[in-house]
Amino acid sequence: MRTRHTGAATLAALTALTLAACGGGGEVGGGGEETGGAEGGGDSIKIGIKFDQPGLGYQDAGEYTGFDVDVATYVAGELGFEPDQIEWVEAPSANRETMLQTGQVDMIFATYSITDERKEQVAFAGPYFVAGQDLLVAEDNTDITGPEALEGKNLCSVTGSTSAQRIKDEYAEGVQLVERPGYAECVTALTAGQVDAVTTDDIILAGLAAQPANAGKVKVVGAPFSEENYGVGLPQDNDRCEDINAAITKMIEDESWDEFVTSNTEGTGYEPNADLNPPTPDACA
Amino acid sequence: MGDFLSQFGELFAEYPIAAAYWVNIQLTFWAAIFSLILGTVLALIRISPVASLRWAGAAYVNLLRNTPLTVIMTFLFLAVFLQLQISLSDDFTQNFFRFGVIGLTVYHAAFVCESIRSGVNTVPIGQAEAARAIGLSFLPAARLIILPQAFRGAIAPLGNTLIALLKNSTVAVAVSVSTEASTVMREMIESNANFIYAIFVLFAIGFAVLVIPIGLVTTYLSNRLAVRR
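Note that this is a predicted model, so its numbers are computed, not measured. Every residue gets a number counted from 1 within its own chain, in the order that chain's sequence is written. As they are written, the chains are lettered A onward and the ligands numbered 1 onward, keeping that order. Per-residue local features are limited, in this predicted model, to residues with pLDDT of at least 70; the limit for side-chain atom pairs, both in listing and counting, is 80 or more; totals at the level of whole chains, interfaces and linings are taken over all residues.

Student: Could you give me a rundown of the overall build of chain A, with the residues and numbers involved?
Tutor: A run of H or I in DSSP counts as a helix once it spans at least four residues, and a run of E counts as a strand once it spans at least two, with each numbered from the N terminus. What chain A contains, in helices and strands, is nine helices and 13 strands. As a rule, residues whose C-beta atom has 12 or fewer other C-beta atoms within 10 Å are exposed, those with 20 or more are buried, and those in between are partly exposed; C-beta atoms are placed from the backbone. Counting across all 285 residues of chain A, residues that qualify as buried make up 45%. Contacts in chain A between residues far apart in sequence, at least 24 positions, make up 75% of those at least 6 positions apart. Residue pairs are scored as contacts if the distance between their C-beta atoms, which are placed from the backbone, is within 7 Å.

Below is the structure:
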């Protein structure tokens, strides 16, 4: 009796694994059918953002602020959605593709870099911003001027991101790495003096530096050494990509884009990389 | 299907998967040794004839067993490392590894203690009375009579604790042990979400491969070594 139960359980487990394995073959974005159709009107739109990145996507007592939020609100407005028709959903980095494929969100504005690997799973509109990896250091620090200067220093980044490993592999082999679940904790470690620098995309660092609690204590080095094209994540079978690109182009032309950048990084002296910004949206696939 | 298998090849080529599991195995190894020592001491305290010691032992077990491991790890990082500025090594990788072992040890020692206590309950009261009758005081009686039988009765629950410890070793990421398996998995999902099913299968199988032998060995040993009464 007991053995038979074990056997059944094993069989169930194996079946589950096998089914999961089969699903990996080629079919992609099966769940997105309902999302594309309804435009404007009385419907709402679900937009995925980060909830924990001040200056980009941040939830504070029910209010949503940040550059991604401003851009998303503008784009949604161009698509015919009033701000009160937007339903904000938290889209953590690791869940973004799944949330688009299963229709939990209609689009994602969450520091979402356009990469070939991701294009196999989801579609992108944009880019609407070009960020670059940079360093955040203490205000009075003068010796860290770029990634090469990190030899023998302590560097913090977020768990599961490859930005810190990139510095270790390509610029400074002797750098000591700390990984924390969120950037806010990295900044705490920086102000406590246990790490010398925090690394990720420059605009994320600028958003952290602009927080009242950090003002005057930290600064962005301002020498970006990579190129991250932030795009709008969409399900693969969407019909919105062209409209979103048109909205982004309009946003850049009527200078709302500049306004969003400056208002969200106020007081940090941050300037986006002028050679690459503002970007021109790529053609839709 | 061949396409699916080639994804595993790419993942293995790009990420240090074996090295990541090796970190978890090392964490488990050291934490298992230290928590066995600490847990045995705690079990002795909890069966000791001194009421205040018994109370202290029960307090430790109830406090640590009911605190989420992530909280313990985060406490070690934020309070001990950041605020108290206590470092266990100049090398960060070593430093956080040691903090990880400490966190796993203090947490699982509570479970080891309870496993050993359950083993003590398998020893008939007559054994303790006989030990007293031949003039042994508490510690010699525990060392010579009670614990050897208790360990043999506690192998199965200790094995369960070891399995939990191995899986919990991924929580060491909360104290910045950044080379272990779950961190590598997050990196994979972050930059290779196109292989999401392969990544899932890889880590599900990886842990099954590590855990199943532990279960088989402890079941075998607990059958073989249990005191027949």
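Student: Before we move on, can you summarise the sheet that holds strand E3 (residues 57-60) of chain A with the specific residues and values?
Tutor: Strand-to-strand pairing in sheets goes through backbone hydrogen bonds, with the strands running parallel or antiparallel. Residue and element names in this part refer to chain A. Two strands make a pair as long as DSSP finds a minimum of two bridges between them. Overall, antiparallel pairing links the three strands, which are arranged E2-E3-E4 in an open sheet. Of all the strands in the sheet, just strand E2 (52-53) and strand E4 (63-65) have a single pairing partner and so form its edges. In this sheet, E3 lies alongside E2 in antiparallel orientation, the contact comprising two bridges. Directly across from Gln53, in E3, lies its bridge partner Gly57.

Student: Quick one: what's the story with the UniProt feature "domain: Solute-binding protein family 3/N-terminal" (unreviewed entry) in chain A, residue by residue and with numbers?
Tutor: As recorded in UniProt, the sites labelled "domain: Solute-binding protein family 3/N-terminal" (unreviewed entry) are residues 44-264 of chain A. Within the segment residues 44-264 of chain A, helix and strand shares are 31% and 28% respectively, and the terminal C-alpha atoms sit 26 Å apart. UniProt positions are given in the numbering used here, feature names are shortened, and annotations may be inferred rather than shown by experiment.

Student: Could you give an account of the nonpolar core, with specific residues and numbers?
Tutor: Any set of buried Ala, Val, Leu, Ile, Met, Phe, Trp, Tyr and Cys residues joined through C-beta atoms within 7 Å is what this text calls a nonpolar core. In terms of nonpolar packing, the biggest core is built from 73 residues, with Leu136 and Val198 of chain A touching the most fellow members. All domain edges in this entry derive from an automatic or database-based domain assignment. Structurally, this core is a two-domain feature, drawing no fewer than three residues from each of domain 1 (8-130 + 228-265) and domain 2 (133-220) of chain A. Other than its neighbours up to four places away in sequence, Leu136 of chain A contacts Leu190, Ala197, Val198, Leu205, Leu208, Ala209, Val218 and Val220 of chain A. In this structure, Tyr107, Ala109, Leu165 and Ile189 of chain B belong to the second largest nonpolar core, which totals 57 residues.

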